[in-house]
Amino acid sequence: MQGGISLKNDDLINFAQHISSQHEEEFEHAPFDREVAFYESICSGNMELVKVFMKPLFCEGCGVLSENSLQNLKFHMVILAALIARYCIKGGMTPENSYSLSDFYIQKTDKCTTEDQIRAVHIEMIEKYTSKMRQIKLSGVHSKQIVKTIDHVMRHLHSRVTLEDAADKLKISSAYLSRLFKTETGMAFGDYVNKLKIEEAAALLLFTEYSDTEISNMLSFSSQSYFIKVFKKFMGTTPKKYKKQYTIQPFPDR
C-alpha cells in the first residue's frame, strides 16, 4: 500500500485479532452469527440484505480503540476493510483485486478529517465490495441479458419484481425473456425471484428479530399465507418451524 496507514493486509488481520482479544472482557461484542451473516451478505452480492445487517461503523458493542473519536473510527475502518477483503477472497474475488480495494479505502479513510467523511467512505466501501461480488457471481455464468435480469432482480428484492419490468429494462418482449431465462437458469422467472426472496427471508429469520409477518411485508409478498406457502416450497418447512429449528442458541454466561 502506498502512503496512508502503513499496515499491510496480514498486519491488519493480526491487528484486528489483537484488538478483539484485548477487549473481549471489556465490552459485549455484537452477536457473532449476525456479524458473519453481514460478511456473507456482502459476498452474496445482495445489497438489500447487506442493508439489513449493516450497522454504523462505531456502535454499541464495538469497543473503543482510541480516545480520539476520529482515530477510533479510522481503526474500525482498517479492521472492517481487512475482514471484508478476506471474506470476499473466500467468496471468489481474486486476492489482488480484494486487497487493492481494501488498500484504496484504507488510504481514503486515512485522508478523512471528519467523522462524517469516514462514515461516508464506510458505506461506499461496502457498496463497492457488494457490487463487485454480485458481478463475480454472475459473470461468465449466463448471457449478458440474463446477467442484467438477475442483477435487476437482486436490486429490487424488497419490491414486487415482475417479468414485464425486467423485459422493459432490456427492451425485449417478456415472452422472449421468459423463454431465455428458463433455458439458461432452468427455472421460471417467478420461481427464481421467489427463491432469492426466500433465501433472504431465511437469513432474516435466523439473524434478526423480525417476525415472519414483517419479513413477508419487507419482501413484498402479496399475503402472509402466500409467503408461508412459498417458504415451505423452497425450505421444506414453515418460517416459524425453520426459525425454531435453526436459530443458533447463545452460549451460557461465563
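Above this text sits the structure in question.
Note that the coordinates shown come from a computational prediction; the quantities given were computed from them, not determined experimentally.

> So what exactly am I meant to see when it comes to the nonpolar core here?
It is characteristic of soluble globular proteins that their nonpolar side chains tend to be buried jointly. Ile 84 and Tyr 129 are the most contacted members of the largest nonpolar core, which totals 45 residues. Non-local contacts of Tyr 129, meaning those with residues more than four positions away in its chain, are made with Ile 42, Ala 81, Ile 84, Ala 85, Cys 88, Met 93, Ser 98, Leu 101 and Ser 102. Core analysis: the next-biggest nonpolar cluster, separate from the first, contains 20 residues, Ile 146, Leu 180, Val 193 and Leu 196 among them.

> Explain the pattern of salt bridges to me, please; I cannot follow it from the model alone.
Opposite charge on two side chains permits pairing when their charged atoms draw close. Within this structure, the stated rule accounts for eight salt bridges. The salt bridge involving Glu 199 is made with Lys 195; its shortest N-O contact spans 2.7 Å. With Glu 199 and Lys 195 both in helix 10 (residues 189–207) and four residues apart, this pair spans about one turn of that helix. The partly exposed category is assigned to Glu 199, whose relative accessible area is 40%. Linked through salt bridges whose partners overlap, the residues forming this network are Arg 134, Asp 151 and Arg 155.

> Would you mind showing me how to read the state of the cysteines here?
Each disulfide is one covalent bond, formed between the sulfur atoms of two cysteines. Applying the stated criterion across every chain yields a total of zero disulfides. The closest cysteine sulfur to the non-disulfide-bonded Cys 43 is located on Cys 88, 4.3 Å from its own sulfur. A relative accessible area of 9% means that Cys 43 is categorised as buried.

> Looking at this structure, I do not really get the packing of aromatic side chains. What am I missing?
What describes a pair of aromatic rings is the distance from one ring centre to the other and the angle between the planes of the rings. Scanning the model with the defined rule gives eleven aromatic pairs in all. Taking the centre distance of 6.2 Å and the plane angle of 70° together, the rings of Phe 53 and Phe 207 count as edge-to-face. Of the two residues, Phe 53 is situated in helix 3 (residues 47–53) and Phe 207 in helix 10; the sequence distance between them amounts to 154 residues. Look at Phe 53 and you get buried, because its relative accessible area is 3%.

Conventions used here
- Residues numbered from 1 in each chain as written.
- Predicted model: local features only at pLDDT ≥ 70, side-chain atom pairs only at ≥ 80, totals over all residues.
- Heavy atoms only, no water.
- Core = buried A, V, L, I, M, F, W, Y, C linked by side-chain atoms within 4.5 Å.
- Buried < 20%, exposed > 50% of the residue type's maximum accessible area, 1.4 Å probe, protein only.
- Contact = heavy atoms within 4.5 Å.
- Salt bridge = Lys/Arg side-chain N within 4 Å of Asp/Glu carboxyl O.
- Helix = DSSP H or I, 4+ residues; strand = E, 2+ residues; numbered from the N terminus.
- Disulfide = S-S within 2.5 Å.
- Phe/Tyr/Trp six-rings, centres within 6.5 Å; stacked < 30°, edge-to-face > 60°.

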